[in-house]
Amino acid sequence: MISIIDKLKDKRKLTAEEYKALLTTSDPQIVAYLTSQAREVAQGQFGKGIYLRGLIELSNVCRNDCFYCGIRRSNCHVSRYTLTREQVLACCEHGYQIGFRTFVLQGGEWGEERTTWIADLVHDIKQGWPDCAITLSLGEHPLDTYTLWRKAGADRYLLRHETHNASLYKLLHPHEMSHSHRLQCLNWLKESGYQVGTGIMVGAPFQTIGSIVEDISFLIDFQPHMIGLGPFIPQHDTPLGRFPAGTVDMTARLYAILRLAIPQALIPSTTAMATLTPDGRLRGILAGANVVMPNLSPTDTRKMYALYDNKAALGAESVQGVQTLAEELSTIGYHIDWGRGDSPAM
Ligand code: 5AD
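Please read all numbers here as calculations on a predicted model, not as lab measurements.

Reading guide: rules and limits
In this convention, every chain numbers its residues from 1, walking through the sequence in written order. The predicted origin of the model limits local features to residues at a pLDDT of at least 70 and limits the giving and counting of side-chain atom pairs to 80 or more, whereas totals for whole chains, interfaces and linings rest on all residues. Side-chain measures here rest on the full set of heavy atoms in the structure, leaving out hydrogens and waters. Any residue with a heavy atom positioned within 4 Å of a molecule or strand is treated as near that molecule or strand. N or O atoms closer than or at 3.5 Å make up a polar contact, with two conditions inside protein: a donor-capable atom paired with an acceptor-capable one, and, for residues adjacent in sequence, both atoms drawn from side chains. Only the protein chains shown count as covering a residue, and every accessible area follows the Shrake-Rupley method with a 1.4 Å probe. Runs of H or I in DSSP of at least four residues are treated as helices and runs of E of at least two as strands, each being numbered from the N terminus. Relative accessibility under 20% of the residue-type maximum defines a buried residue, over 50% an exposed one, and the middle range a partly exposed one, all with a 1.4 Å probe and only protein chains included. The contact rule is simple, with two residues in contact once any of their heavy atoms fall within 4.5 Å. Strand pairing follows a simple DSSP-based rule, namely that at least 2 bridges must link the two strands. Interaxial angle, 0 to 180 degrees, is taken between N-to-C directions of lines fitted to C-alpha atoms, where a helix line uses only the stretch in contact.

Surveying the vicinity of the ligand reveals the residues Tyr68, Cys69, Gln106, Arg160, Glu162, Met201, Pro231, Phe232, Ile233, Leu307 and Tyr308. One of the side-chain nitrogen or oxygen atoms of Glu162 is found 2.5 Å away from an oxygen atom of the ligand. Ile233 places a polar main-chain atom, nitrogen or oxygen, 2.7 Å from a nitrogen atom of the ligand. About the coverage of the ligand: the protein hides 87% of its 410 Å² of free accessible area.

What follows concerns the environment of Thr163. Positionally, Thr163 belongs in the loop between strand 5 (156-158) and helix 7 (166-172). Since its relative accessible area comes to 0%, Thr163 is described here as buried. Filtering out sequence-adjacent residues up to four positions away, Thr163 remains in contact with Leu168, Tyr169, Leu172, His179, Ile200 and Asp215.

Further remarks concern unusual backbone geometry. In the Ramachandran plot, Glu162 falls in the positive-phi region, its phi being about 75 degrees despite a non-glycine side chain. Structurally, Glu162 can be placed in the loop between strand 5 and helix 7. Here Glu162 falls in the buried class, since its relative accessible area comes to 10%. Positive phi, normally seen in glycine, also occurs at Gln223, with a value near 50 degrees. Note that Gln223 resides in the loop between helix 9 (209-222) and strand 8 (226-227).

Topologically, Lys170 is positioned in helix 7. Through-space distance from the C-alpha of Lys170 to that of Phe67 is 9.9 Å; in sequence the pair is 103 residues apart.

Here six strands make up an open sheet; going across it, the order is 2-3-4-5-6-8 and the pairing parallel. With partners counted over all chains shown, the strands left at the sheet margins are strand 2 (54-59) and strand 8, one partner each. In terms of strand pairing, strand 4 (residues 133-137) meets strand 5 through two bridges, oriented parallel. For Leu136, the partnering residue across the bridge sits in strand 5 and is Tyr157.

Let us now look at the sheet that holds strand 10 (residues 291-292). Strand order in the open sheet formed by three strands is 10-1-11, and the pairing between neighbours is parallel. Unpaired on one side and paired on the other, strand 10 and strand 11 (335-337) mark the two borders of the sheet. As judged from the two bridges shared by strand 1 (residues 49-52) and strand 10, these two strands associate in the parallel manner. Its bridge partner lying in strand 10, Tyr51 is registered against Val291. Set on the sheet, helix 14 (residues 322-330) makes contact with strand 1, strand 10 and strand 11; between it and strand 11 the angle comes to about 120 degrees.

Below you can see the structure in the form of structure tokens.
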């Protein structure tokens, strides 16, 4: 098993059987070796600095109806909100003062009628804070829309593929959503010149070790600049709300495998990790993650952006907690890197 890990570090690719062995081993020494190798590779790329991204949850209005997501359109228990342009700019100003140099605008997927509003907003943020990177995470749109937003000043785009297995995709999404269209969008985003992030929910209902192996192979082929992975966490008002949550252990293993396979990738230790266990974020970093995305959204809308139950949005998960986060990182010998944190592959 040790030789499989060394091979992954060296060749950046394994056979399906070898990935399965790493994903299923119950030997803690093997897992410890895997994460220590991933940590070493991450430190070779980024030192012990962790990049921060200020997350602004733009709106919980969504046209999609994904079976796992708390802000799906048919969840009538959600009170819907959309931040105003002024509110978003105030979040940026606040974040900039603290030291953030990347803003992530994330929200439910809107129809194309709001495309210009987003383009104008991106333009205004770029004007106000020209030294900052803007990341969008707003779902599937036509190539023209992606191009327009890119021209307006957006630098990066996050769109998780959710699963590379078409049958599993169907079990997680309503029939009007298409797996091949999602992959098409990822290609359009690359074509439009964005730094692109994609990824999956770990431990999603019906997911198998085999489907995770397919995701690893897809990620290696696609070579994203950023990889977003978090454990699935049920949301009680959704059709999949009674399924068990994914685990921090499996997610951390995947961070480690992907760090070894794609050394330069920007990998956040996600909010879902911190939600499952208080040391989840640190465990992600110790497995090779190198980014944290504190919440910059107005405090009163945060609870309305509930993709899953008990989402961590306070403490070190929030902008108020940057000091707490810095202290937490220092306990494992890491520190905040206040740079923009562009992909070294660009
Ligand atoms: N648990 C964990 N992650 C979720 N997401 C949506 N719903 C959940 C959930 N119940 C993730 C999806 C989406 C991202 C914005 O949030 O992967 O792409």
